[in-house]
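Coordinate inspection notes
Chain by chain, the residues:
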Amino acid sequence: MAAAATIVVLGAGINGAAIARELTLSGVGVIVVDPGDIASGTTAWSTRLIHGGLRYLEYGEIGLVRESLVERNRLVRLAAHLVRPLPFYLPVEGRWGGLWAAAARLAGWESLARAWQGRRGRGSWTVAAGLTLYDLLAAGADWPRHRIVRAGGTGMPQIDGRMFPYAGLYSDAQLLFPERLTVELLVDARQIAAAAGLPFEVCTHRQVAFAPDGTLSIVPNPHAPPRAANGEAAPFAIRPAAIVNATGAWVDHTLREMFAGRDGWSGGAGQRLIAGTKGSHLLVRSESLRGGLSGFGVYCEATDGRPIFVLPFGPELVLVGTTDIPFTGDPADARTDEAEIDYLLTAVRRLFPAAGLRREQVQQHYCGVRPLPNAAGAGGGRPPAGITRRHLLVRHEGAPVPLWSIVGGKLTTCRSLAEVTAATVLAGIGLPVLATSRERPLPGNCAGASRDAAVRGCRDLAGRSGLATDEAAVVAERLVALFGARAAEVWRASPGGPVAADGQAAAAPPASGAGLIRGVGLPLAAVEFCLRDEWAVTLDDLIERRLMLAFHERLGHDSLEDVAAAMARAGALPPAQQAAAVAGCVARLASRYGRVVPQAAAETGHPSAEEHRV
Ligand SMILES: Cc1cc2nc3c(=O)[nH]c(=O)nc-3n(C[C@H](O)[C@H](O)[C@H](O)COP(=O)(O)OP(=O)(O)OC[C@H]3O[C@@H](n4cnc5c(N)ncnc54)[C@H](O)[C@@H]3O)c2cc1C
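Only a predicted model underlies this, so the values are computations on that prediction, with no experimental measurement involved. (Residues numbered from 1 in each chain as written. Predicted model: local features only at pLDDT ≥ 70, side-chain atom pairs only at ≥ 80, totals over all residues. Heavy atoms only, no water.)

Taken together, 35 residues lie around the ligand, and Asp 34, Thr 43, Leu 49, Gly 409 and Thr 412 are the ones closest in. Note that an oxygen atom of the ligand is positioned 2.8 Å from one of the backbone N or O atoms of Thr 42. Contacts to the ligand include Thr 43, whose side-chain N or O atom sits 2.5 Å from an oxygen atom. Relative to its unbound accessible surface of 1000 Å², the ligand loses 94% to contact with the protein. Looking at the shell around the ligand element by element, the count peaks at three residues for strand E17 (residues 362–370). Grouping the constituent residues of the shell around the ligand by class yields eleven nonpolar, 19 polar and five charged. (Near = heavy atom within 4 Å. Polar contact = N/O pair within 3.5 Å; in protein donor to acceptor, adjacent residues only side chain to side chain. Areas by Shrake-Rupley, 256 points an atom, 1.4 Å probe, with all protein chains shown as cover. Helix = DSSP H or I, 4+ residues; strand = E, 2+ residues; numbered from the N terminus. Nonpolar A, V, L, I, M, F, W, Y, C, P; charged D, E, K, R; others polar.)

As structure tokens, then:
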């Protein structure tokens, strides 16, 4: 049998991961390279919605909205443990506002649209028209149709009904942890590759050096955080059949690195493909605001007409986003500033004056850069929020190996983008598409009865490892929320753990793994699992993008110390560097998230297993 072609995917964000998976389905070997961790770029800094994008309708992006709704419905089915339907409440100030502005925008007359927008935003008729079209575009799916209601009904968000007398009710979906979806796309790609005997590697914290003949050297990233000496992968070189540049907001930077000083590598390198905008989010800890949402996501406009989302996040928090500000620096340096915090808090206070939201209730914030197509060509004079979210695939002629760049895209459309990219790249190198991911569930996919069974299985294992019944119930819910149907495998990470190779519980209790990470309701076995099965390398990888503790309400220094100690026991961190790794993580949580980590994790008031099941 001829050796399989190998394609290098640059970037382990959601798009790079989905492309890697799609390529393996067609019998191609894949190497994914990222100087950081999986999903450490824009994927981690999004609003975390899987949605059609209601507002894109006004810009006539019917095709994009239809594609997004189809993908939304698919993800809710195929990644049900991570992507959940969420009812939305869209408050409106009056009846008629916004009709003419919407029509002008649809016709492409942006300046006229802004002149006609008026102070009171879109009225209920405009909203009803948009939501009717939204329902039609999602046709065929078993989703509730929209309704227009009067404010103040039972079970509705407690929004100021004098200012917003009406509302549109509709549904979209929420992906609390796109980081976890990205990891699972790669876990699935690895399984597909293993079954077909294809080369497959995920090289995180490593960078690429480009030689003029198209050979790529994959070497350690000198700026990566510390790890055990034996955990350092050896450099290697490869001349791939093709390269896909899926580096998101870094696409132009990557091209500049590739083409620097190379006469032969010319095509497209001079032309700027991306013109990013930064967007910030707040995670707010306010019981009255969380209660005021009544389980809905709220989608509305700030006074400047920008879209704002106020969303339930996990059992206790509220996610508020976002801003949209042109950004030209290194996307890794984008940070939330006080003016953005103020802007977002003002927007929420206008909706929920009774919640009495205070600045100190902001637990943390985060900020990322949208990889939008360079607006000189794509924006057509639109404000940042109106620049197209469509993705483009650009082929660079003249490179020594076939090379494509991905421009734009959304979390929602990662799979369809991957399908188109794989088809184009494979055709470009003379290979057929053998299969697509359209009906392929993610490895952890579970919902309804299969989710209940996964929780029960985990609860039994946790109980047999010595946890009290209520503790075991919380641990099981948290594990299934993170790993879905793979949750029981976590216990297998414990040497001698009670899970057989087929994932079924065996009779004996675990030899280790009974211990919990202090304060956060997760077993230490989960650390070993992510190190062994999910390419986690550093403490930050574990805290921010595998166990998702960066968002946990009760994270403390002691939780971080437990995770670092488990890493050291697993040989992933030199024991002498444990304290420095914890200090580095605390500093990063402060600088990247504005989060202050207390010495001890809070011991009281944990949400119940039921509350975790949101
Ligand atoms: C504020 C905001 C809100 C958003 N909200 C939503 C939403 O609710 N729903 C939705 O569908 N979409 C949303 N998006 C869009 C979505 O998040 C992004 O389009 C998507 O995450 C882009 O994924 P990506 O894989 O292309 O890029 P990234 O996730 O940025 O991944 C690119 C990767 O490339 C790596 N890299 C950089 N340089 C190199 C190099 N030289 N070699 C190799 N790798 C390299 C980076 O480290 C990074 O990991 C939002 C975006 C933002 C900013």
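This part covers the packing of helix H16 (residues 539–546) against helix H17 (residues 557–569). Relative to each other, H16 and H17 sit at 125°, their axes nearing to 10 Å. By the angle between their directions, the pair H16 and H17 is classed as oblique. In terms of crossing hand, the pair formed by H16 and H17 is right-handed. Across the interface between the two elements, Leu 539, Leu 542 and Ile 543 of H16 pack against Leu 560, Val 563, Ala 564 and Met 567 of H17. (Axes fitted to C-alpha atoms, helices over the stretch in contact; angles between N-to-C directions. Parallel < 35°, antiparallel > 145°, perpendicular 65-115°, else oblique. Left-handed = near helix turned anticlockwise from the far one by under 90°. Contact = heavy atoms within 4.5 Å.)

This part takes up the sheet that holds strand E9 (residues 216–220). Strand order in the open sheet formed by three strands is E8-E9-E10, and the pairing between neighbours is antiparallel. Among the strands making up the open sheet, the edge pair consists of strand E8 (206–210) and strand E10 (236–238). Pairwise comparison of adjacent strand axes, ignoring direction, gives a mean angle of 30° for this sheet. Both E8 and E9 contribute to a ladder of five bridges, which runs antiparallel. Paired with Phe 210 across the strands is Leu 216, a residue of E9. (Pairing = 2+ DSSP bridges.)

With the rule as written, the count across this model stands at 13 aromatic pairs. Aromatic pair Tyr 134 and Tyr 170: ring centres 5.9 Å apart, planes at 85°, arrangement edge-to-face. Within this pair, whereas Tyr 134 is found in helix H5 (residues 124–137), its partner Tyr 170 is found in strand E6 (residues 166–175), the two being separated by 36 residues in sequence. What makes Tyr 170 buried here is its relative accessible area of 5%. Pairing Phe 177 with Phe 551 gives two aromatic rings, centres 6.3 Å apart and planes at 40°, and the pair type is tilted. Of this pair, Phe 177 sits in the loop between E6 and helix H6 (178–196) while Phe 551 is found in the loop between H16 and H17, placing the two residues 374 residues apart along the sequence. For the pair shown, Phe 177 and Phe 551 are each scored as buried. Three or more aromatic residues joined by ring pairs form one cluster here, namely Trp 45, Phe 177, Phe 313, Tyr 366, Phe 551 and Tyr 593. Geometry around Trp 143 places Arg 72 over its ring, the cationic atom sitting 3.7 Å from the centre. Seen from the ring of Trp 45, Arg 592 lies directly overhead, with NZ or CZ sitting 4.1 Å from the centre. (Phe/Tyr/Trp six-rings, centres within 6.5 Å; stacked < 30°, edge-to-face > 60°. Buried < 20%, exposed > 50% of the residue type's maximum accessible area, 1.4 Å probe, protein only. Lys NZ or Arg CZ within 6 Å of the ring centre and 35° of its normal.)

Remember, this is a structural readout, not a statement about activity or role.
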